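Okay, here's what each chain looks like letter by letter:
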Amino acid sequence: MRLTWIARFTFLSLLVLGAAVTQTRPATRWYKGNLHTHTLNSDGDSTPHEVATWYREHGYQFLTLSDHNYLTDVAGLNAVHAARERFLLIPGEEVTDRYGDKHVHVNAYNLSRELQPRHGNSVAETIQNNVDMIRQAMAMPSLNHPNFHWSVTKDDLLKVNNLGLLEVYNGHPTVNNVGGGGFQSLDEMWDTLLTAGKRIHGIAVDDAHHFKKMGQEFSNPGKGWIQVRASELSAAAISAAIERGDFYASSGVVLEDVRTGGGEYRITIKERPTERFTTYFIGDGGKVLAKSFDKKPAYRLTGSERYVRARVDSSFGASAWTQPLFAR
Ligand SMILES: [Zn+2]
Ligand SMILES: [Zn+2]
């Protein structure tokens, strides 16, 4: 078929237009990162460069060096590491405060200036003052390891506003993730806050300090991470995706996909040989709405849920936590 010049011009125009339309909907992919780790800039045992190298060489795409009341300048590190592979350091700090014998640690993500703890006249006020300071600095606040020294309870967190993130898994050996002795597990604490209407997303982190000695008594890397779905590997894109909850947390379970829409919550799990899974879809009050052994578990919303989230437990002992879908 012979095309006239006008037909050819129209055809080419449509091609160009088609490319432009495609570009307005950027493709997304999953990026693996750890948001909580220490270096020699506080109580870690390795330099920022050594720590960044460990994560880059172990399949992570982003990392936050969160030293106690110290903001590590990551510009130089980013130049060195990004040149080798796609890898990004997102600046951050562990704002480390106390109220009496209670430890109040609030991480600040995508931070541009160093912050010092604000203090307060109760645990809740101490958290709130630090959260407010971090928000004023245009960074993202996360409440760390609430059960460390049994410092922060649900009653404290119910009084706090604008938090955004809560650690639901921390890889440090003495942070009491699963609760006990009358204290809630971090899963239970998260559900208490979600049921009260707080819009909080759950993260899993390493809180690694030890890169030179390995063992159960040490806080080693590679235990807790998040997988973020974003259009590009930049601090702005990763932070925005975390803020809107487009990620899942993991202590070892890998998900191929998480989808919500059309009244359904759907997950695709990546399985390893002999591994088995139980997925719990969880709603108000921490109630299990449904349980599935499927590789592609799905939950259809009834319309009465305030929120639905899921936890995938592996027979290997690890879990993945997906983010709450706020239905109302
Ligand atoms: Zn801490
Ligand atoms: Zn820490």
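Presented here is a report on the structure given in the accompanying data block. All of these numbers come straight from a predicted model, not from anything done at the bench.

The subject of this paragraph is the coordination of the zinc ion (ligand 1). The zinc ion (ligand 1) binds to the protein through Glu94 (OE), His105 (ND1) and His145 (NE2), with metal-donor distances spanning 2.0 to 2.1 Å. Read N to C, the donor residues that coordinate the zinc ion (ligand 1) are spaced as E-x10-H-x39-H. In this structure, the zinc ion (ligand 1) lies 3.4 Å away from the zinc ion (ligand 2), the two metals sharing Glu94 as a donor. With His105 in strand β5 (residues 102-109) and His145 in the loop between β6 (140-143) and α5 (154-157), this residue pair connects regions lying 40 residues apart in the sequence. Residues His105 and His145 agree in their burial class; the two are buried.

Locating His81 in the fold gives a position in helix α3 (residues 75-82). For His81, a relative accessible area of 0% gives the class buried. One polar contact links His81 to His49, side chain to side chain, over a distance of 3.2 Å.

Time to look at unusual backbone geometry. For Asn69, which is not a glycine, the phi torsion comes out positive at approximately 50 degrees. Looking at the element boundaries, Asn69 is found in the loop between β2 (62-63) and α3. Even without glycine at this site, Asn162 takes up a positive phi of about 65 degrees. Asn162 sits in the exposed class, given a relative accessible area of 53%.

Cut-offs used in this document
Residues numbered from 1 in each chain as written. Chains lettered and ligands numbered in written order. Predicted model: local features only at pLDDT ≥ 70, side-chain atom pairs only at ≥ 80, totals over all residues. Heavy atoms only, no water. Donors = N, O, S within 2.8 Å, 3.2 Å for Na, K, Ca; no water. Helix = DSSP H or I, 4+ residues; strand = E, 2+ residues; numbered from the N terminus. Buried < 20%, exposed > 50% of the residue type's maximum accessible area, 1.4 Å probe, protein only. Polar contact = N/O pair within 3.5 Å; in protein donor to acceptor, adjacent residues only side chain to side chain.

Geometric values such as these leave the question of function open.
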